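Now for the letters of each chain:
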Amino acid sequence: MKGLLPDLDLVRKDFPILERTFDGGETPLVYLDSANTSQKPQIVIDTMVDHLERHNANIARAMHHLGAEATEAFEGARDIVARFLGAPERDEVIFTKNASEGLNLVANTVPLAAGDVVVTTEMEHHSNIVPWQLATQRAGATLKWFGLTDDGQLDLSNIDELITPATKIVALTWVSNMLGTINPIAEIARKAHEVGALVVVDAAQAAPVLPIDLASMAEEERPDFLVFTGHKVVGPTGIGVLWGRRAALEALPPFLGGGEMIATVTMERSTYAPIPHKFEAGTPPIAEAVGLGAALEYLMHVGMENVHAHEQAITTYALERLATVPGVTVLGPADAAKRGGAIAFELDGVHPHDVAQVLDSKGVAIRAGHHCAKPAHQRFGVQASNRMSSYLYTTPAEIDALVEGLEYVRTFFKLDQ
Amino acid sequence: MKGLLPDLDLVRKDFPILERTFDGGETPLVYLDSANTSQKPQIVIDTMVDHLERHNANIARAMHHLGAEATEAFEGARDIVARFLGAPERDEVIFTKNASEGLNLVANTVPLAAGDVVVTTEMEHHSNIVPWQLATQRAGATLKWFGLTDDGQLDLSNIDELITPATKIVALTWVSNMLGTINPIAEIARKAHEVGALVVVDAAQAAPVLPIDLASMAEEERPDFLVFTGHKVVGPTGIGVLWGRRAALEALPPFLGGGEMIATVTMERSTYAPIPHKFEAGTPPIAEAVGLGAALEYLMHVGMENVHAHEQAITTYALERLATVPGVTVLGPADAAKRGGAIAFELDGVHPHDVAQVLDSKGVAIRAGHHCAKPAHQRFGVQASNRMSSYLYTTPAEIDALVEGLEYVRTFFKLDQ
Amino acid sequence: MTAANLEAMYQEIILDHYKNPHGKGLRDPFEAEVHHVNPTCGDEITLRVHVDGGKIEDISYDALGCSISQASASVLNDLVVGKTVDEAMTIHEEFLRLMQGKGQVEPDEDILEDGIAFAGVAKFPARIKCALLSWMAWKDATAKTLAEEN
Amino acid sequence: MTAANLEAMYQEIILDHYKNPHGKGLRDPFEAEVHHVNPTCGDEITLRVHVDGGKIEDISYDALGCSISQASASVLNDLVVGKTVDEAMTIHEEFLRLMQGKGQVEPDEDILEDGIAFAGVAKFPARIKCALLSWMAWKDATAKTLAEEN
Ligand SMILES: Cc1ncc(COP(=O)(O)O)c(C=O)c1O
Ligand SMILES: Cc1ncc(COP(=O)(O)O)c(C=O)c1O
């Protein structure tokens, strides 16, 4: 199959969990829930273990050997993240606890006043909706959003009504976690920048599969802020990244207070450290940053171009194969080139919970529900859906297992009777 | 020595990092920086590895095997935390990224208006000062604080001026990370509750060494909120805990928005999940919670009474031995029974950085600086100090190594010439 | 999970109730109406209770969700309509005991009738909430009804 | 860290400057005064610059901190006072190059004089900020002075 990672077998060997079986060894794991969270290669686990067993100390503050080693490992991870994103400056990389915190950080600190408009889209993850609802409510500002076309693209027809001089923020996802859609963020950023709005890109689903090079983007098309989350890029939980343009980050007041984010503190008042530390209050997720560094090194070693090609090959194949199952309807773009690796679908006559449950009895792990994207589900008149999602370790045989599983679901629920 | 853990050698074997040496094996590590961050026993590391290698999945949302296992492990960790704290209800345990986030969560959501008063103390960690500065500034409220007596206790002489009906919050540390002081939180909570104020206790330094049993505290003496941090209780970084009385937590609006903290979301508005999930936006630190669970099980297995007795024995010995070094002045209470395991001191004529640097050349790791407690340093007219801090794995021989190291510092800087 | 477990969960009784739910639809009169959701998956139920003289005259509902949640609403309707509030609470408790019993509880068939078919569901932590959605909504609505009466 | 490394860091020259700092104290006249802190450890410096006709006439300062940060302020004073701003910037760059060189850079003694004693400090990442505190403050103050002139 064209585009598949040539050494897919070797890649799979890097991920110990892929050897899991159920029912006393009879049923192998078929993990098709990577858009929910990705599995971890041994090198990420080993790097964290080595850190904890040999170099663990608090950072920045400590003068001693272990402190110096831990600081170097943590700040080294920041360098790796900067390289992964092609960030213009390494100090623009802020470590957060997940993507959601990054979005909340910006939504909580960006100045908003009554009459201001924040624009988002109907295909966002809740983490890129709720923070803006809370922020606009607090400020008396207005939340507006792009609707969706029937094939799951952003409906840009009213862009001139949405992006106006009143618009202060345009917050949107690069890749939808439900529909798989890849959005034209450059075009939207250009438009937003024309009216002086800040552009916040949720790259939680993009960072795992798209090569990103911020520095090479035209400045007017480059987002002002971008977030992603460690656990979806073969890294650990407990760590996420907010990248921001230096000037944009410097313009924000501090978010959380405490620990290492200060320059000086008296009981009366405090001054704050420069970025990135200004936004990293308290002891950061140190071992997690180190693990994230190892994860991104792993992905860069495989090559993000190759990861992307693999994802597209698997997605193409999955779309083809799903089309053969009676009663299956895929939501979102039909063209694999226009989407990431998440494929949401319905199976006529069986609720997604029940689909997922029966698939699980065959070892096939998919997600069922609203995938934290209720508005997008509502838009398409579905209350819940099934979602399979692949990653660099996914094989065509696993797609076959899903399809066989769906046939079994049809039999189990007697859909043909 | 009375109070030492009887199987101290075995305990030390549980912590792989304690075998680290420097200078090609010549210099063993003497880790006396546990108040900064604690080392991790093998069981914590192994539990996290097992989770990542065999059970990794996102939680709550997933119907499949791995999802069920991960959810059980994560929610099981919440049960362990509840047991560790003696929490009245397990749903009162909120996972945060560290202690600082817990304090910021409360400071950001608790309603404050112009004229309201927040009371803290001069011995707080920056993480229990800066969030209240930011919160009172936003609300036009006033920040007041307890001063300190010369021997490093809270000066309660003006408590009736500080705690009045205008006081909405009393936020204080249980154990000082600089002075070691153990504060009378029950007495202060009783007083605060009489005027209807909420009591926020920073247990970042208390949780590692004091047995805590919230349920058994008299209700009027029990804090309303309490935070601690995973990495100081032999757990991983990236995880902390906010415990709150159910009614107090329920009265707070949500903090971060997104992911799993919702009941339902439309583009127009959202409703929120019940506690604890209401305050856990986004993918939580799952493997870290699991690691924290293993850490607290470890401590409970050793027995918090025994950990406390060990800490007191080591602290007593350390205070005795430090008193023998010419030019050393200890800050904070002289009586080991009145303090936790952190001992800040000065060495006359040598800046703490230089002390720490020379000690490090002998493998002795202490902290030098303001320990994120600038106001307490200012109170005692020192700009920085040295701090040694012990934990359940600390031996009297390590205290001896510190003292020898200090003698060497004196020689190195020719203090006797 | 073995195929046997799967069969235990999806008993014929459950699938029958799912395909032909009893008492579905929203009806008048009613004293209280509630709307409950399962935040994890989005299952929803709107449920009305009509109590008269301490007796549950009707439970009417409109629900979106999986087979387990739908069948359980249907069984709830079967078991509880026509009973006194006290009797209904006893049934509710027995159902709760079954569902929270991790598959170890032997249900009382005299009390739960078709409800014993849910024994297999109790082994799946992720699905217990599905089975309980309508029961929790009913309890909430009934509590509201009683509160209004007083 | 070996004893040799420790000796390399705490050279006699550094300890001498620490015990007898050159040019310490705040003096008039000055065009700019800055206050810099090292947030990690709390070291502080208040520093004034007096520039006249493109020449650095005085650097006066009041500093709290470790031997490295104090000695470095003293060496700064030695090296830079009496130089033109351009010459001083060259010295500053050479000092920066040394400190950021991870102990691999051979310093130019003609330019740095006593400043070469800091070569050993460059091996300790945690201490580089100590050595640079006064130099950064000086650069900041000088930039302010020049900005005011224009
Ligand atoms: C008393 C006290 N409070 C709060 C904190 C903050 O903990 P964290 O950095 O894990 O948020 C610390 C430790 O640094 C502490 O010692
Ligand atoms: C598009 C998108 N945005 C944001 C998030 C939130 O990431 P996290 O839960 O790690 O904060 C996710 C994943 O859950 C996502 O898919």
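Residues numbered from 1 in each chain as written. Chains lettered and ligands numbered in written order. Predicted model: local features only at pLDDT ≥ 70, side-chain atom pairs only at ≥ 80, totals over all residues. Heavy atoms only, no water.

Structural notes on the overall build of chain A
Okay, step 1: Summing up its helical and strand segments, chain A has 13 helices and 17 strands in all.
Okay, step 2: Rg of the C-alpha trace for chain A: 22 Å, near the compact-globule value of 22 Å for 417 residues, within the 12% margin.
Okay, step 3: Dimensions of chain A along its principal axes, counting C-alpha atoms only, are 75 × 55 × 35 Å.
Okay, step 4: Put simply, of all contacts in chain A between residues at least 6 apart along the chain, 75% involve residues at least 24 apart. (Helix = DSSP H or I, 4+ residues; strand = E, 2+ residues; numbered from the N terminus. Rg over C-alpha atoms; globule rule 2.2 N^0.38 Å. Contact = heavy atoms within 4.5 Å.)

Description of the nonpolar core
The nonpolar side chains of a soluble globular protein tend to be buried, and buried together.
Okay, step 1: Residues Leu392(A) and Leu392(B) are the most contacted members of the largest nonpolar core, which totals 174 residues.
Okay, step 2: Each residue touching Leu392(A), except ones within four places of it in the same chain, is listed here: Leu5(A), Leu8(A), Val11(A), Phe15(A), Val234(A), Tyr298(A), Leu299(A), Val302(A), Val307(A), His310(A) and Glu311(A). (Core = buried A, V, L, I, M, F, W, Y, C linked by side-chain atoms within 4.5 Å. Buried < 20%, exposed > 50% of the residue type's maximum accessible area, 1.4 Å probe, protein only.)

Things to note about the site of ligand 1
Okay, step 1: Surrounding ligand 1, one finds 15 residues, the nearest of these being Thr283(A), Ser100(B), Asp202(B), Thr229(B) and Lys232(B).
Okay, step 2: In this structure ligand 1 sits where residues from chains A and B come together.
Okay, step 3: A distance of 3.0 Å separates an oxygen atom of ligand 1 from a polar side-chain atom of His125(B).
Okay, step 4: His231(B) places a side-chain nitrogen or oxygen 2.8 Å from an oxygen atom of ligand 1.
Okay, step 5: Burial of ligand 1 by the protein amounts to 100% of the accessible area it has alone, namely 390 Å².
Okay, step 6: Partitioning the shell around ligand 1 into residue classes produces two nonpolar, 10 polar and three charged. (Near = heavy atom within 4 Å. Polar contact = N/O pair within 3.5 Å; in protein donor to acceptor, adjacent residues only side chain to side chain. Areas by Shrake-Rupley, 256 points an atom, 1.4 Å probe, with all protein chains shown as cover. Nonpolar A, V, L, I, M, F, W, Y, C, P; charged D, E, K, R; others polar.)

Quick notes on the interface of chain B and chain A
Okay, step 1: Every contact between the two is made by 88 residues of chain B and, on the other side, 88 residues of chain A.
Okay, step 2: Taking both sides of the interface into account, the surface hidden between chain B and chain A amounts to around 7,500 Å²; carbon and sulfur atoms contribute 57%.
Okay, step 3: At the boundary of chain B and chain A, one finds four salt bridges.
Okay, step 4: Taking the shortest distance from any N to any O, the salt bridge between Lys97(A) and Glu101(B) comes out at 2.9 Å.
Okay, step 5: Where chain B touches chain A, the interface holds 46 residue pairs in polar contact (both at pLDDT 80 or more).
Okay, step 6: At seven residues, the largest contribution of residues to the side of chain B that touches chain A is made by helix α2 (residues 42-55) of chain B. (Buried area = accessible area lost by both parts, 1.4 Å probe. Salt bridge = Lys/Arg side-chain N within 4 Å of Asp/Glu carboxyl O.)

Details of the site of ligand 2
Okay, step 1: In the vicinity of ligand 2, 16 residues are found, and the nearest of them are Ser100(A), Asp202(A), Thr229(A), Lys232(A) and Thr283(B).
Okay, step 2: More than one chain reaches ligand 2: its neighbouring residues belong to chains A and B.
Okay, step 3: Ala99(A) places a main-chain nitrogen or oxygen 3.2 Å from an oxygen atom of ligand 2.
Okay, step 4: Here a nitrogen atom of ligand 2 and a side-chain polar atom of Asp202(A) are 2.5 Å apart.
Okay, step 5: Its free accessible area being 390 Å², ligand 2 has 99% of it covered by the protein chains.
Okay, step 6: The class makeup of the residues in the shell around ligand 2 is two nonpolar, 11 polar and three charged.

Some thoughts on the sheet that holds strand β14 (residues 342-347) of chain B
Residues and elements named next belong to chain B.
Okay, step 1: Pairing within the open sheet is antiparallel, and its four strands lie in the order β13-β14-β17-β16. Both edges of this open sheet fall to β13 (328-330) and β16 (367-369), since each of them pairs with a single strand only. Ignoring which end each strand starts from, the neighbouring axes of this sheet average 30 degrees apart.
Okay, step 2: For β14 and strand β17 (residues 385-389), the ladder comprises four bridges, and the chain directions are antiparallel. Among the inter-strand pairings, Ala 344 is bridged to a residue of β17, identified as Arg 387.
Okay, step 3: Against the sheet, helix α13 (residues 396-412) touches β13, β14 and β17, its axis set at about 15 degrees to β14. (Pairing = 2+ DSSP bridges. Axes fitted to C-alpha atoms, helices over the stretch in contact; angles between N-to-C directions.)

A short note on the pairing of strand β1 (residues 32-37) of chain D
Okay, step 1: The side-chain alternation of β1(D) yields one buried face, formed by Ala32(D), Val34(D) and His36(D), and one unburied face, formed by Glu33(D), His35(D) and Val37(D).
Okay, step 2: Taken together, β1(D) and the strand that follows it, strand β2 (residues 44-52) of chain D, pair antiparallel across an intervening segment of six residues, in which Gly42(D) is found at a positive phi of about 95 degrees.

Describing the UniProt feature "domain: NIF system FeS cluster assembly NifU N-terminal" (unreviewed entry) in chain C
Okay, step 1: UniProt's feature table lists "domain: NIF system FeS cluster assembly NifU N-terminal" (unreviewed entry) at residues 9-130 of chain C, given in the numbering used throughout.
Okay, step 2: Counting secondary structure, residues 9-130 of chain C comes out at 39% helix and 20% strand; the distance between its end C-alpha atoms is 12 Å. (UniProt positions renumbered as here; feature names shortened; annotations may be inferred.)

Observations concerning the arrangement of the chains
Okay, step 1: Taken together, the five pairs of chains in contact show their highest number of contacts between chains A and B.
Okay, step 2: Spatially, chain C and chain D are disjoint, and the shortest separation between their C-alpha atoms is 43 Å.

A word on the interface of chain C and chain A
Okay, step 1: Contacts between the two partners involve 24 residues from chain C and, on the opposite side, 18 residues from chain A.
Okay, step 2: The contact between chain C and chain A buries some 1,700 Å² in all, and 50% of this surface belongs to carbon and sulfur atoms.
Okay, step 3: Here chain C is connected to chain A by 10 residue pairs in polar contact (both at pLDDT 80 or more).
Okay, step 4: Broken down by secondary-structure element, the contributors of at least two residues to the side of chain C that touches chain A are α1 (3-9), α2 (12-19), α3 (67-80) and α6 (125-149) of chain C.
Okay, step 5: In terms of residues, the side of chain C that touches chain A owes the most to one element, α2(C), which gives four residues.
Okay, step 6: Tallied by class, the residues present in the side of chain C that touches chain A amount to 13 nonpolar, five polar and six charged.

What about the packing of helix α11 (residues 352-360) of chain A against helix α13 (residues 396-412) of chain A?
All names here are of chain A.
Okay, step 1: Contact geometry for α11 and α13: axes closest at 9 Å, N-to-C directions at 115 degrees. Crossing hand, α11 versus α13: right-handed. Contact with α11, carried on its side by Val 355, Val 358 and Leu 359, involves Leu 402, Gly 405, Leu 406, Tyr 408, Val 409 and Phe 412 of α13 and no other residues of that element.
Okay, step 2: Among the residues forming the contact of α11 with α13, the class breakdown is eight nonpolar, one polar and no charged. (Left-handed = near helix turned anticlockwise from the far one by under 90°.)

Examining the side chain of Ser361(A)
Okay, step 1: When you line up the elements, Ser361(A) lands in the loop between α11 and β15 (364-365).
Okay, step 2: Polar contacts involving the side chain of Ser361(A) include one to the main-chain carbonyl oxygen of Val358(A), which spans 2.6 Å.

Topic: the sheet that holds strand β2 (residues 44-52) of chain C
All names here are of chain C.
Okay, step 1: Spatial strand order, β1-β2-β3: three strands in an open sheet with antiparallel pairing. Across the chains shown, the open sheet's two edge strands, defined by having one partner strand only, are β1 (32-37) and β3 (55-64). Shown here is a sheet whose adjacent strand axes are inclined to one another by a mean of 20 degrees, direction ignored.
Okay, step 2: Two elements, β1 and β2, share six bridges in a ladder whose sense is antiparallel. Residue pairing across strands places Ala 32 opposite Val 49, the latter belonging to β2.
Okay, step 3: On top of the sheet, α6 reaches β1, β2 and β3; it is set at about 40 degrees to β2, its chief contact.

Things to note about a negative patch on the surface
Residues and elements named next belong to chain D.
Okay, step 1: A cluster of acidic side chains, namely Asp 16, Asp 78, Asp 108, Glu 109, Asp 110, Glu 113 and Asp 114, defines a negative patch on the protein surface.
Okay, step 2: Residue position: Glu 113 is located in the loop between α5 (109-112) and α6 (125-149).
Okay, step 3: Take Glu 113: its relative accessible area is 42%, and that puts it in the partly exposed class. (Patch = residues over 30% accessible without salt bridge, like charges linked within 9 Å, V, L, I, M, F, W, Y side chains within 5 Å. Lys, Arg positive; Asp, Glu negative; His and termini not counted. Charge placed at Lys NZ, Arg CZ, Asp CG, Glu CD.)

Structural notes on helix α5 (residues 130-139) of chain A
All names here are of chain A.
Okay, step 1: The element α5 is extensively covered by neighbouring structure, given that seven of its 10 residues are classed as buried.
Okay, step 2: Taken residue by residue, α5 has Val 130, Pro 131, Trp 132, Gln 133, Leu 134, Ala 135 and Thr 136 as its buried positions.
Okay, step 3: Just past α5, the residue Gly 140 takes up positive phi, approximately 70 degrees.

Some remarks on the domain arrangement of chain A
Residue and element names in this part refer to chain A.
Okay, step 1: Annotation of chain A at the domain level lists domain 1 (8-37 + 303-412) and domain 2 (45-300).
Okay, step 2: A separation of 28 Å is found between the C-alpha centroids of domain 1 and domain 2.
Okay, step 3: With both sides pooled, the region where domain 1 packs onto domain 2 buries about 2,900 Å², and carbon together with sulfur makes up 59% of that total.
Okay, step 4: When residues of domain 1 are sorted by the area they lose upon contact with domain 2, Met 304, Arg 379 and Tyr 391 head the list and together hold 22% of the total.
Okay, step 5: As a salt-bridge pair, Arg 379 and Asp 150 come within 2.7 Å of each other at their nearest N and O atoms.
Okay, step 6: In this assembly, domain 1 and domain 2 are joined by 18 residue pairs in polar contact (both at pLDDT 80 or more).
Okay, step 7: For the side of domain 1 that touches domain 2, the class distribution of residues is 18 nonpolar, nine polar and eight charged. (Domains from an automatic or database assignment.)

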